[in-house]
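An overview of the molecular structure
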Amino acid sequence: QSVLTQPPSASGTPGQRVIISCSGGSSNIGRNYAFWYQQLPGTAPKLLIHRNAQRPSGVPDRFSGSQSGISASLAISGLRSEDEADYYCAAWDDSLSGVIFGGGTKLTVL
Amino acid sequence: EVQLVQSGAEVKRPGESLKISCQGSGYNFVTYWIGWVRQMPGKGLEWMGIIYPGDSDTRYNPSFHGQVTISADKSISTSYLQWSSLRASDTAIYYCARPNVQYNWNDGAAFDIWGQGTVLTVSS
């Protein structure tokens, strides 16, 4: 079972803005950084956002992250068909002394 | 190019042992932790554990402690994940991954380099 809670699915039409939420607790997002990963079908995960809102080199600025309290969010603007993927939030958990992942959100581009 | 290359797909019987590998290249292997992540069929990601090849300091997710062994051979820039007795429930894709910061495994370290994954099927 995941300690980080994400909606199982999300959808949008091309060009729209979609927000995916991630709810955690005081031992993880509440006091540590959140991360976001994108997993395209049949491929390894890819880091999209680290330290709540930082984008690694090469990640388009259509992707943005934020954190408030025990929750984090990933926003995707100007939605494209190639954004159709599974998105996972993650965070360091002090109780685990390791990283925990959310259950994942399947994004469908209609 | 920084990359992690994993060993190929495996099909095993319950009770058999297995060791899969992850070889790093294009960076100083001994100064970055290497983690292992499980993805069961149709499910999400789970952090299993991590090792620092420089001194073999190893940390496990309690859910996996005692179920698997993580090791590394820094002379060949390779980390391993092994089972002594496989179960059908071990069927999954296993990824190795490297954090984006040297030396440290803590808050702020995100997995930015991933192997291609090793598909393990355990079936009688």
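Before going into details, it helps to say that this report is about the structure given with it. (Residues numbered from 1 in each chain as written. Chains lettered and ligands numbered in written order. Predicted model: local features only at pLDDT ≥ 70, side-chain atom pairs only at ≥ 80, totals over all residues. Heavy atoms only, no water.)

Moving on, we get to the overall build of chain B. Within chain B, the regular secondary structure consists of 0 helices and 11 strands. Scanning chain B from its N terminus toward the C terminus, one meets helices and strands in the order β-β-β-β-β-β-β-β-β-β-β. Taking 124 residues into account, the globule formula puts the C-alpha radius of gyration at 14 Å, and chain B, at 14 Å, falls close to it. Each principal axis of the C-alpha distribution contributes one length, and for chain B these read about 40 × 25 × 25 Å. Buried positions account for 50% of the 124 residues belonging to chain B. Contacts in chain B between residues far apart in sequence, at least 24 positions, make up 56% of those at least 6 positions apart. Working note: accessible area of chain B is about 5,500 Å², and carbon and sulfur atoms make up 44% of it. Where the 9 positive side-chain charges of chain B centre and where its 10 negative ones centre are 6 Å apart. (Helix = DSSP H or I, 4+ residues; strand = E, 2+ residues; numbered from the N terminus. Rg over C-alpha atoms; globule rule 2.2 N^0.38 Å. Buried < 20%, exposed > 50% of the residue type's maximum accessible area, 1.4 Å probe, protein only. Contact = heavy atoms within 4.5 Å. Areas by Shrake-Rupley, 256 points an atom, 1.4 Å probe, with all protein chains shown as cover. Lys, Arg positive; Asp, Glu negative; His and termini not counted. Charge placed at Lys NZ, Arg CZ, Asp CG, Glu CD.)

The helix and strand tally for chain A stands at 0 helices and 9 strands. Secondary structure of chain A in N-to-C order comes out as β-β-β-β-β-β-β-β-β. Computed over the C-alpha atoms, the radius of gyration of chain A is 13 Å, within 12% of the 13 Å expected from 2.2 N^0.38 for a compact globule of 110 residues. A fraction of 57% describes how many contacts in chain A between residues 6 or more apart in sequence connect residues 24 or more apart. With an accessible surface of roughly 5,000 Å², chain A has 47% of that area assigned to carbon and sulfur atoms. On chain A, the mean spot of the 8 positive side-chain charges and the mean spot of the 7 negative ones are 5 Å from each other.

Residue and element names in this part refer to chain B. Reading across from one edge, β1-β3-β8-β7 is the order of the 4 strands in this open sheet, with antiparallel pairing throughout. Either end of the sheet is taken by a strand with one partner, and the two such strands are β1 (3–6) and β7 (69–73). Direction aside, the axes of adjacent strands within the sheet are offset by 20 degrees on average. With 4 bridges connecting them, β1 and strand β3 (residues 18–25) associate as antiparallel partners. Residue pairing for β3: glutamine 3 is matched across the bridge by serine 25. (Pairing = 2+ DSSP bridges. Axes fitted to C-alpha atoms, helices over the stretch in contact; angles between N-to-C directions.)

Residue and element names in this part refer to chain A. Judged by pairing direction, the sheet is antiparallel, and its 3 strands sit side by side in the order β2-β6-β5 without closing on themselves. Because the sheet does not close on itself, it has two edges, and the strands there are β2 (18–23) and β5 (63–68). Across the sheet, the mean angle separating the axes of adjacent strands is 20 degrees when strand polarity is ignored. Summarising the sheet, β5 and strand β6 (residues 71–76) pair through 6 bridges and their orientation is antiparallel. The residue of β6 that forms the bridge with serine 68 is serine 71.

The subject of this paragraph is the side chain of Thr118(B). Position of Thr118(B) among the secondary structure elements: in strand β11 (residues 118–122). A polar atom in the side chain of Thr118(B) sits 2.7 Å from the backbone oxygen of Ser7(B). (Polar contact = N/O pair within 3.5 Å; in protein donor to acceptor, adjacent residues only side chain to side chain.)

Turning to the layout of surface pockets, a few remarks are in order. Here the largest pocket defines a volume of roughly 700 Å³. In this structure, the largest pocket is lined by 31 residues; those nearest its centre are Arg38(B), Glu46(B), Asn61(B), Ser63(B) and Phe64(B). The set of elements that each furnish at least two residues to the lining of the largest pocket consists of β8 (98–101) of chain A together with β5 (45–52) of chain B. Considered class by class, the residues forming the lining of the largest pocket number 13 nonpolar, 12 polar and 6 charged. The space that makes up the second largest pocket amounts to roughly 290 Å³. What lines the second largest pocket is a set of 21 residues, among which Gln39(A), Asp86(A), Tyr88(A), Gln39(B) and Lys43(B) lie closest to the centre. Mapped by element, the contributors of at least two residues to the lining of the second largest pocket are β7 (85–93) and β9 (105–109) of chain A together with β9 (92–99) of chain B. (1 Å grid on protein atoms, 1.4 Å probe; cavity = no way out; pocket = protein on both sides within 12 Å on 5 of 7 lines; lining within 4 Å. Points joined across faces, edges and corners; volume = space filled by probe spheres on them. Nonpolar A, V, L, I, M, F, W, Y, C, P; charged D, E, K, R; others polar.)

Note that all results are geometric; they support no functional claim without further evidence.
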